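Read off the chains here:
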Amino acid sequence: MTATLEVADLTIVRDADEARIVDGLSFALGPGEVLGVVGESGSGKSTVALGLLAFARPGARIAGGRVVIDGVDLLALRGGELRDARRRLAAYVAQDPATALNPALALRTQLLESLDGPPAENLDRIRRVLRTVGLPADDAFLRRKPRQLSGGQQQRIAIAMAVVARPRVIVLDEPTTGLDVSTQAKVLALVKQLCADEGIAAIYVSHDLAVVADVADRVIVMYGGELVELVPTDALLGAPRHPYSRALLAAVPSARERQVLHPIRGRAPGVGERDAGCVFRARCDFATDACLERPPLEAEPGGRLVRCVRADEVQRLTRITRVADRPERPGLVCRPAVLEAEGIDAHYGERQVLFNVSLELEPGRCLAVVGESGSGKSTLSRCLIGLHEQYEGRLRLDGEELPLTARARPAAARRELQYVFQNPFGSLNPRRTVGSSIAAALRLFGSDGRRTGAVVAEALERVEISARLAERYPAELSGGQRQRVAIARALACEPKVLLCDEVTSALDVSVQASVIELLRGLIDEGLAMLFVTHDLAIVRSIADSVVVLSEGHVVERGETAAVLDRPSHPYTQGLLADTLELPALAG
Amino acid sequence: AVAGCAATDAGASGDELVLGVVGNNKDEIQPYTATSSASADSLRQQLYDGLTAYDADGGVEMRLAESMTPNDALDVWTVKLREGVKLHDGSDFTSEDVVESVRFMLDPEHVYPAAAQIDFVDPDGVVAVDDTTVEFHLLRPAGTFAETWASRDLLMRGLDESGEVTGTGPFDLESFTPGQEARLVRFDDYWGEQPGFERLRIQFFQDQPAITNALRGGQIDVAYSVPFTDVPALEADPNLKTLVSESGSYLTMSMRVDQAPFDDPRVQEALKLVVDRQQIIDNAFGGYASLGNDFLGNNTDCPAPDVPQRAQDLERAKQLLAEAGQQDLQLDLVTDGVFPGMMETAQLYAQQAAGAGITVTVKKLDTATFLNGWGDWPFFIGYSGSPYVITAATHFLPDGVENATHFDDPAYTELALQMMGTVDHAEQCGMITRLQEIERDGGGNIVPAYPQSVVAYRAGVEGLHADLYGRTSIDYRGVTIEK
Amino acid sequence: MAVELLAAPAPSRSTRRARAVALAVAQGVGTLLVVSLLIFLVTQAMPGDVARVVLGTRATPETLATLREQLGLDRPIWEQYGTWLWGVLRGDFGTSLVNGMPVSELLAGRIRNSLTLSVVAMLIMLPISLLVGIVAAQRRDRAFDQGFLGTSIVVNATPEFVTGTVLIALLGTTVFHLLPPVSFIPPGDSPLAHPEAMVLPVLTLVVSGVMYLGRLVRIAFIDAMSSEYVQTARLKGLGTPRILARHALPNALGPVIPAASLVAAYTVGGVVVVEYLFAFPGIGAALVEAVNNRDLPVIQAIVLLIAATYYVLNLVADLLAGGEPQGR
Amino acid sequence: MSAPPRTEAVAASREPSARGAGLRRLWAAPRVRWGVLLLAATTAFAFLGGLLAPFDPSQPVGAPYAPPSPGIWLGTDQLGRDVLSRVLHGGAYLAWMAPTSAVLAVAIGAAVGLAAAYWRGWVDTLLMRAMDVVLAFPGILLTLLFVAVFGPLPWLLVTLVVVALVPGVARVIRGAALPVIGREYVQWAKAVGMPSATILRTELLPNVSSPLFVELGVRLMWAVGILASMSFIGYGIQPPAADWGLMVSENRTGLGIQPLAVLAPVVMIVVYTVSGNLIAEGAARVIARTEGRAE
Ligand SMILES: Nc1ncnc2c1ncn2[C@@H]1O[C@H](COP(=O)(O)OP(=O)(O)OP(=O)(O)O)[C@@H](O)[C@H]1O
Ligand SMILES: Nc1ncnc2c1ncn2[C@@H]1O[C@H](COP(=O)(O)OP(=O)(O)OP(=O)(O)O)[C@@H](O)[C@H]1O
Ligand SMILES: [Mg+2]
Ligand SMILES: [Mg+2]
């Protein structure tokens, strides 16, 4: 069988200093095959994906290598030939369709423009592809502009746009990251089907192992711009041979069983921060002096490639234990609720988004709120914290009536209720140092000025951040660090209740694992927590009980195990079915 | 050399002369409007004639009137009109027109300020004796009757059948837009000397620099007047010519002599002594002026008074101020700067006065604000352009409308009234000379220079004549153009 | 997240838009009212009145009183304002106090002149700005771009009266005598019939405008060209001309339109300096003279006209750029 | 709320962690630095130049429009005064009036813009409507009217320029503040009950400092232009004061015979304005760069 795509020694460097973003990547791909690419943020996945179309973002440059599709080396093409190749041979689907589709042009224009040939025929082709991706193909639809579509629809348009010219290879860069689970499920099914039916080879980039496991035949694990392991999907999940692959897997939560998550310590190296040795050395539990030299990429049976001198030991010595080794929380402790919400109805203008929602938070327990995007989860937490203006209902904190808006609440109540936001990049004031952000919170609640420094340090230590970082600005911290600082700021106020709105959805699995474990510890210390998420796997890892929201209504509630193991409401069942899971593990 | 391809305006071809003058939205065609402006004047001089007029040297000549004869008491004057004068609508200009014009002017409802000049005329005493004879019965005797009618504000108009205003002047109006332009055509039945070209366009400008630009760009043929500071630039242009006339118009720095500190003659004297007149002539008027001697009126054909020329004497000025206890005198010199030389003179004067320890602050106001305080400003820049007979009455008599210095000298008043009651020209001249002596020493006006007026025009315009009353650019008798 | 960005059904969007436009118009009328009232009050505070201006130095208390009575200036100011406003509401802008001509007649020609000047300037300015901006963006940091940026920094720093003065000296009076330095437009004629009179004022406006707008175009284009949808278009194998024209242009216009409308509003209302410089018979020059003459009805009419123009242009820009007028 | 940004940020250990990192970053931009230096130099020139002047700026030293000669290096102006001395003196007004107006306009505009963005609702409507009213007044008209009422007093001119500039600043700052207000840290500050004034001061203001800087540069440039234009049309600084704008106006008819009398002040105005322009340019570049990276 001849390969559809053959990549040899693809090297992409940063213009400014020639530092390698992607370092000598080689692999081959047959027709209809789906190759997954996983790795932490910044590992160079998108750079590779674009490189496959002989494209480098401004500031980067393809420094060498070959990308051969059907015998044509794309990297050797220029001008018109290259444009032609991009149309006929390879196509690209970007991560965020909202920005990748031109907001000013009708769908029809955007779909048609990469086709040549008679317009009528092209239109036919478009309609056919649209039907394939499950979208309407009528003229009215074609006249729409991208912003008149939902995110899922936009992503399908992007995929349709990619396949409409019948390319040989299609590169998908995290096409489902922005989508909720059910939409994600549909998109994944579509990709699989297209590859099978049309014989297109696909590169599927994702940071989500579960997604890759679902869609890909083989997987490339990237770290620091290097390929560290290339394996058939099953083999990766069963027996990872690279310590990094193994660590990634250990950090992934499961919706099926409750487990302790294992974060990877440290931080991924940036471009130009790598030395001569193994890139993963600094974070590796297996590192030895031998790792001071860069290990070669060893070919192994079954077409497997690994870049580790101790691959055998990794595979042999440590089985991944994915057993439910966290004790289920003892049932109802029956402590009085700290925060009670009763009959909350919330509106945006005319539109009602929450309908008679009630819930209770107890100390030392975590209540998860799950639901699809737009179901009203964030609105609910904004109501509780008092940021939402248009809502009715009753709130009680420690049995005392709580005014609805933050403005009206007494200082004590504002201190005891704390909120951590979804986006770590927005939750800290970029113009304040970390320490100053926390101190500002303390000052508000009249803390002793002389002790502030100590309290700040203490709060940072609690979230496992060095007190030295108090002098840093948020821009100098990683996403996970920022999220932990945001939690530290909340903790510094000595809250009774912590409301967490998707605090991990912007983070890599490895970082997510550390944040989840941190929060878990806090709950054990007696904090009451509301944890908003759309990810059932995380619910399993952290929550004691669950409330399921659908279109603003509570459709199901109960103990985590009960709800996730035996969902009673069809909506919850569907949610669970769409949630991807790493396949059962060997051992 | 490049001028050949100058983008001259379409209308300027052929037999048309284009005059540029600073315009005014207030202008109207009918001659008896409240406002007086250079632009209105340049238009009216083409459309209307007066009974008499000043000639180019300050003497009086007959225009629509053929003769003016008083009775012995000088309170009834018989005016004989020129025969065969036609109005623009073709009809004859008659004594009825004169009666109508005079009565219209004198009617207070029409708010015609210049009517003050003929306040001795009884509106009901103006009678048409026959078609060409009018009798004026006066409220009080007037010797300067003919001089008075020579004023450019007292023109005669006619009315056509539809009641529209019409005139007897050398040009007939074709179109007029205030502030923009007026188009005129030669009136071929004109009784006097004809202009040597067919059409006249008066182009109104918002300010003086634009006129200069237009002249240099070949867009206009004649500039009504040009600022003295522009003259060098214009003279450097081979396509342009200038014509310098003596002028009867000049600016004054005037003070309210009824108010401290100016009521102290020592202060008055000091303020007159600080002037470096030659410097003002050279730097404000570009040399186009002669030494002024602090009296109004080289605008007559009378000889100047034989008085010593005042010259700068800072020491004496300081001494006078010290005597008056005004060592650090601080003054605001107010002006609206509308006439050429005003701002320049003010600035130079401020600089010169500093030499005697006087702080003069020049305040330039917009015209409305300036007029609003007219009569109240303690120290301001004034302007005078009328013949002395009128000037004496309006500027120096206690009830004169333009007497903003509040000058009130009984000797002057008596002599002035006597002068106005005299018909004999030589006798008048003698009195005028004496009046000028009085105001030189006791008046509130500093007259640093008697400027000339400079008219710049395109080479090719021939026949413009020097004129004491600033009509060089608007008097087209015998003027020809060659494009 | 993206999914909730489902389109609202079309009719509701357009009714919302209509309502917003109606609101904006109402607010605009309110704004104009406030503007006119303020102007009226300020002019009352101005020293000197039209009667003094008209009568000049020869005014006597009697003539002043008579003229004021004839002009209605002796009435209480509220009554004056009321009469004026009532007239305006019926489309009558009154008569000029200095020469008794109807304001509408007085200004009609000047409005046409100013409008023609602005429109012509805009029509020339826009395409040139686009062209220059796009080319500069395409050759970012290369010679053309650097040259353009350098020039624009200097030209933007040069007040228009300086540019105009230099142009006059260069092309009209001193160096070459190619163009008329003063813009005569005979009353009643369309300015378009006198193209030579338009060249210098238009040139002055265009030079400054292009340097300003061109830069905005450049930045908008650089932004658009570095956007993901342009990257997508490249990866689709489209050629540069098509990407520029179809993908970048419509999006780059977004930020440029409000700026262009601001420039347009400016060329309508703020040309005073240019009109002054070239003695161009437009409303800017008329405004200066009206203020000098204290000719209130004329001042009011011009100000309302400029304010309304500004407001409308602003509204249009909002509509073009953002879909809905902001309820600011 | 599109896809979550997942780029781990430029990490640790590079920039020195100190207050005012924003301003420092601006200062690091060469254009900003050149602009500020140029501004400082021109300002110093404007204020101190008078001390170097060989002559009294209102003292005639020769014939009007005399060409340069030894001792009178730039020739004379329309009244025969020394052009060099007048140029040296002529920046004093501009040099305090323009920065004062720009700073005031930016301060007031920022206050209005921030308040409107923060409170939204009727506060927003009221403030922005008021700005519209002000904007709808042709600035030149305000100048004509108020100068007629009060005379061409420097503080009045400054006020007029401020009034003319404030609405633009308010709009820009409001636009810049709106996304900031949506940011989580501001939401958090509201939720924990931080007083509004504190939020505006510590959370919002520092985060719009870059656009503020751009505005300062742009408005400085405009202020110079407006003030010089006011002088030019005769409603600004009055003769006999030496002032660059006025000098252009006074001497422009002599451009053909004594071009230096016009060109010298023109060059000064341009240099002065270029500095504002450079600052704005540089700051805008810095913003573009940081936004491209961090957000
Ligand atoms: N054009 C460029 N100029 C400079 N650095 C770049 C460029 N493109 C990428 N990089 C750097 O290269 C590294 C890899 O970037 P890339 O976008 O490929 O990562 P990724 O694996 O796709 O990450 P994510 O999961 O966040 O999308 C990052 O550290 C990024 O900062
Ligand atoms: N500011 C707003 N104005 C109007 N409607 C809003 C606003 N914010 C949210 N909504 C709507 O309210 C509903 C609930 O939104 P909410 O943000 O609470 O959902 P969510 O469950 O948190 O979704 P996600 O998982 O995407 O964060 C959605 O339909 C959304 O479109
Ligand atoms: Mg990526
Ligand atoms: Mg949410």
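Residues numbered from 1 in each chain as written. Chains lettered and ligands numbered in written order. Predicted model: local features only at pLDDT ≥ 70, side-chain atom pairs only at ≥ 80, totals over all residues. Heavy atoms only, no water.

Student: Explanation requested: the overall build of chain C in the structure shown.
Tutor: Within chain C one finds 13 helices and zero strands. Secondary structure elements of chain C, listed N to C terminal, follow the sequence α-α-α-α-α-α-α-α-α-α-α-α-α. Considering only C-alpha atoms, chain C reaches an extent of 85 × 60 × 30 Å along its principal axes. Considering chain C as a whole, with its 328 residues, one finds that 57% of them fall into the buried category. Restricting to contacts in chain C with at least 6 residues of sequence separation, those with at least 24 account for 71%. On chain C, roughly 12,700 Å² of surface is accessible, and the fraction owed to carbon and sulfur atoms is 69%. Seen as two clouds, the 22 positive and the 20 negative side-chain charges of chain C have centres 12 Å apart. (Helix = DSSP H or I, 4+ residues; strand = E, 2+ residues; numbered from the N terminus. Buried < 20%, exposed > 50% of the residue type's maximum accessible area, 1.4 Å probe, protein only. Contact = heavy atoms within 4.5 Å. Areas by Shrake-Rupley, 256 points an atom, 1.4 Å probe, with all protein chains shown as cover. Lys, Arg positive; Asp, Glu negative; His and termini not counted. Charge placed at Lys NZ, Arg CZ, Asp CG, Glu CD.)

Student: So what exactly am I meant to see when it comes to the overall build of chain A here?
Tutor: In terms of helices and strands, chain A carries 21 helices and 22 strands. Since a compact globule built from 587 residues should have a radius of gyration of about 25 Å, the 25 Å found for chain A is in line with a globular shape. Its C-alpha atoms put chain A at 75 × 65 × 45 Å along the principal axes. By element, 49% of the accessible surface of chain A is carried by carbon and sulfur atoms, the whole surface being about 21,800 Å². Side-chain charges in chain A split into 71 positive and 76 negative, and the spacing between the mean points of these groups amounts to 3 Å. (Rg over C-alpha atoms; globule rule 2.2 N^0.38 Å.)

Student: What is the right way to look at helix α4 (residues 77-89) of chain C in this model?
Tutor: Working note: α-helix, 3.6 residues per turn, so residues spaced by three or four point in the same direction. Residues and elements named next belong to chain C. An ideal rise of 1.5 Å per residue puts 18 Å on 13 residues; α4 measures up with 18 Å between its terminal C-alpha atoms. Within the sequence span of α4, burial applies to Gln-80, Tyr-81, Trp-84, Gly-87 and Val-88. An end-on view of α4 places all buried positions within 130 degrees of arc, on one side of the element. Seen from the buried face of α4, the exposed residues on the opposite side, beyond 90 degrees, are Trp-78, Trp-86 and Leu-89. (Expected span 1.5 Å × (residues − 1). Arc of directions from axis to C-beta.)

Student: Mind showing me how you'd approach the state of the cysteines here?
Tutor: By definition, a disulfide links the sulfur atoms of two cysteine residues through a covalent bond. Residue and element names in this part refer to chain B. All chains considered together, the criterion is met by one disulfide over all chains. Paired through a disulfide, Cys-302 and Cys-429 show a sulfur-sulfur distance of 2.1 Å. Its torsion about the S-S bond being -75 degrees, the disulfide of Cys-302 and Cys-429 is classed as left-handed. With Cys-302 in the loop between β18 (289-291) and α8 (314-323) and Cys-429 in helix α13 (residues 425-442), this pair connects stretches of sequence that are 127 residues apart. (Disulfide = S-S within 2.5 Å.)

Student: Any chance you could explain the interface of chain D and chain C here in plain terms?
Tutor: By a frequent convention, interface size equals the accessible area lost on bringing the separate parts together. Counting residues at the interface gives 43 residues for chain D, matched by 51 residues for chain C. Applying the counting criterion to the chain D and chain C interface returns zero salt bridges. Our count for the contact surface shared by chain D and chain C stands at four residue pairs in polar contact (both at pLDDT 80 or more). Looking at which element gives the most residues to the side of chain D that touches chain C, the answer is helix α12 (residues 260-294) of chain D, with nine residues. (Salt bridge = Lys/Arg side-chain N within 4 Å of Asp/Glu carboxyl O. Polar contact = N/O pair within 3.5 Å; in protein donor to acceptor, adjacent residues only side chain to side chain.)

Student: Explain the domain arrangement of chain C to me, please; I cannot follow it from the model alone.
Tutor: Residue and element names in this part refer to chain C. Per the domain assignment, the segments making up chain C are domain 1 (17-89) and domain 2 (103-321). Taking only C-alpha atoms, the centre of domain 1 and the centre of domain 2 are 32 Å apart. Taken together, the 21 residues of domain 1 in the interface contact 15 residues of domain 2. When domain 1 packs against domain 2, close to 1,500 Å² is buried across both sides, 76% of that on carbon and sulfur atoms. Contact with domain 2 buries surface across domain 1, with Leu-32, Met-46 and Trp-84 losing the most and accounting together for 29% of the total. Linking domain 1 to domain 2 there are one residue pair in polar contact (both at pLDDT 80 or more). Those elements giving two or more residues to the side of domain 1 that touches domain 2 turn out to be α1 (10-45), α2 (50-55) and α4. With 13 residues, the top contributor of residues to the side of domain 1 that touches domain 2 is α1. Grouping the amino acids of the side of domain 1 that touches domain 2 by side-chain chemistry returns 12 nonpolar, seven polar and two charged. (Domains from an automatic or database assignment. Buried area = accessible area lost by both parts, 1.4 Å probe. Nonpolar A, V, L, I, M, F, W, Y, C, P; charged D, E, K, R; others polar.)

Student: What is the right way to look at the packing of helix α7 (residues 154-182) of chain D against helix α10 (residues 209-232) of chain D in this model?
Tutor: The geometry of a pair of packed helices is captured by two quantities: the angle between their axes and the separation between those axes. Residues and elements named next belong to chain D. The N-to-C vectors of α7 and α10 enclose an angle of 155 degrees; their axes lie 10 Å apart at closest approach. Taken together, the axis directions place α7 and α10 in an arrangement best described as roughly antiparallel. Handedness of the crossing formed by α7 with α10: right-handed. Where α7 abuts α10, its residues Leu-157, Leu-160, Val-161, Leu-165, Gly-168, Val-169, Val-172, Ile-173 and Ala-176 lie against Pro-211, Leu-212, Glu-215, Arg-219, Trp-222, Ala-223, Ile-226, Leu-227 and Met-230. Its residues placed into classes, the contact of α7 with α10 shows 15 nonpolar, one polar and two charged. (Axes fitted to C-alpha atoms, helices over the stretch in contact; angles between N-to-C directions. Parallel < 35°, antiparallel > 145°, perpendicular 65-115°, else oblique. Left-handed = near helix turned anticlockwise from the far one by under 90°.)

Student: What should I look at first to understand the UniProt feature "domain: ABC transporter" (unreviewed entry) in chain A in this one?
Tutor: All names here are of chain A. In this structure's numbering, the residues bearing the UniProt feature "domain: ABC transporter" (unreviewed entry) are residues 5-249 and 339-576. Summarising residues 5-249: 39% helix, 26% strand, and an end-to-end C-alpha distance of 28 Å. Across residues 339-576 one finds 37% helix and 26% strand; the C-alpha atoms that close the span lie 28 Å apart. (UniProt positions renumbered as here; feature names shortened; annotations may be inferred.)

Student: Please clarify how the UniProt feature "transmembrane region" (unreviewed entry) in chain C should be interpreted in this entry.
Tutor: All names here are of chain C. In the UniProt entry, the feature "transmembrane region" (unreviewed entry) is given for residues 20-42, 115-136, 148-178, 198-217, 252-278 and 298-321. The straight-line gap between the two end C-alpha atoms of residues 20-42 is 32 Å; of that span, 100% is helix and 0% is strand. The span residues 115-136 shows a helical share of 100% and a strand share of 0%, and its end C-alpha atoms are spaced 30 Å apart.

Student: Please clarify how the side chain of His-388 of chain A should be interpreted in this entry.
Tutor: With respect to the helices and strands, His-388 of chain A occurs in the loop between α13 (377-385) and β16 (391-397). For His-388 of chain A, the side chain forms a polar contact with the main-chain oxygen of Gln-390 of chain A, separated by 3.5 Å.

Student: Honestly, a nonpolar patch on the surface in this entry has me stumped. Any pointers?
Tutor: Residues and elements named next belong to chain C. A surface patch of nonpolar side chains, about 420 Å² in accessible area, is lined by Leu-115, Val-119, Leu-123, Ile-124 and Ile-128. Mapped onto the elements of the fold, Leu-123 is located in helix α5 (residues 103-138). Look at Leu-123 and you get exposed, because its relative accessible area is 59%. (Patch = residues over 30% accessible without salt bridge, like charges linked within 9 Å, V, L, I, M, F, W, Y side chains within 5 Å.)

Student: Can you help me understand empty space enclosed by the protein in this one?
Tutor: Gaps left between atoms are located by rolling a probe of water-molecule size over the structure's atoms. For the structure shown, the criterion picks out 18 cavities of 30 Å³ or more. As for the largest cavity, its lining consists of 25 residues, and the residues nearest its centre are Gln-45, Asp-49, Arg-63, Asp-475 and Arg-477 of chain B. Of all elements in the fold, only α1 (38-47), β2 (49-50) and β3 (52-54) of chain B reach the threshold of two or more residues within the lining of the largest cavity. Examining the composition of the lining of the largest cavity, we find that three residues originate from one element, β3 of chain B, more than from any other. Residues of the lining of the largest cavity, tallied by class, amount to 12 nonpolar, five polar and eight charged. Counted as a void, the second largest cavity has a volume near 210 Å³. Taken together, 21 residues form the lining of the second largest cavity, with Gly-179 and Phe-204 of chain B together with Arg-110, Ala-279 and Pro-281 of chain C sitting closest to its centre. Every element with two or more residues in the lining of the second largest cavity is listed here: β14 (199-205) of chain B together with α12 (283-293) of chain C. (1 Å grid on protein atoms, 1.4 Å probe; cavity = no way out; pocket = protein on both sides within 12 Å on 5 of 7 lines; lining within 4 Å. Points joined across faces, edges and corners; volume = space filled by probe spheres on them.)

Student: Explain the sheet that holds strand β20 (residues 528-533) of chain A here, please?
Tutor: Hydrogen bonds between backbone groups are what pair the strands of a sheet, and the pairing can be parallel or antiparallel. Residue and element names in this part refer to chain A. Ordered in space as β18-β19-β20-β15-β21-β22, the six strands form an open sheet in which the pairing is mixed. Among the strands making up the open sheet, the edge pair consists of β18 (417-420) and β22 (553-559). Between one strand axis and the next, the sheet turns through 15 degrees on average, direction left out of account. Bridging between β18 and strand β19 (residues 497-501) involves four bridges; their strand directions are parallel. Bridge pairing in β19 places Tyr-419 opposite Leu-499. Contacts from helix α17 (residues 479-492) reach β18 and β19 within the one sheet, and its direction differs from that of β18 by about 170 degrees. (Pairing = 2+ DSSP bridges.)

Student: What is the right way to look at the site of ligand 1 in this model?
Tutor: Not every one of the 17 residues close to ligand 1 is listed here, only the nearest: Ser-41, Lys-45, Ser-46, Thr-47 and Arg-57 of chain A. With respect to ligand 1, the chains having nearby residues are chains A and D. Residue Glu-174 of chain A places a side-chain N or O atom 3.4 Å away from an oxygen atom belonging to ligand 1. Sort the elements by how many residues they give to the shell around ligand 1 and helix α1 (residues 45-51) of chain A lands first, with three residues. Here the residues of the shell around ligand 1 sort into four nonpolar, seven polar and six charged. (Near = heavy atom within 4 Å.)

Student: Just to check I follow, could you spell out the interface of chain C and chain B for this structure?
Tutor: Listed by partner, the interface residues are 42 residues for chain C and 48 residues for chain B. Of the roughly 4,200 Å² buried between chain C and chain B on both sides combined, carbon and sulfur atoms contribute 56%. Considering only the surface of chain C that becomes buried against chain B, Arg-58, His-177 and Phe-184 of chain C emerge as the three largest contributors, covering 21% of it. In this structure, Arg-294 of chain C and Asp-366 of chain B form a salt bridge, with 2.8 Å as the shortest nitrogen-oxygen distance.

Student: Sorry if this is basic, but what is going on with the environment of Cys-366 of chain A here?
Tutor: Residues and elements named next belong to chain A. Structurally, the position occupied by Cys-366 is in strand β15 (residues 366-370). When its relative accessible area of 1% is taken as the criterion, Cys-366 is described as buried. Sequence spacing of Cys-366 and Leu-499 is 133 residues, and the spatial spacing of their C-alpha atoms is 9.8 Å.

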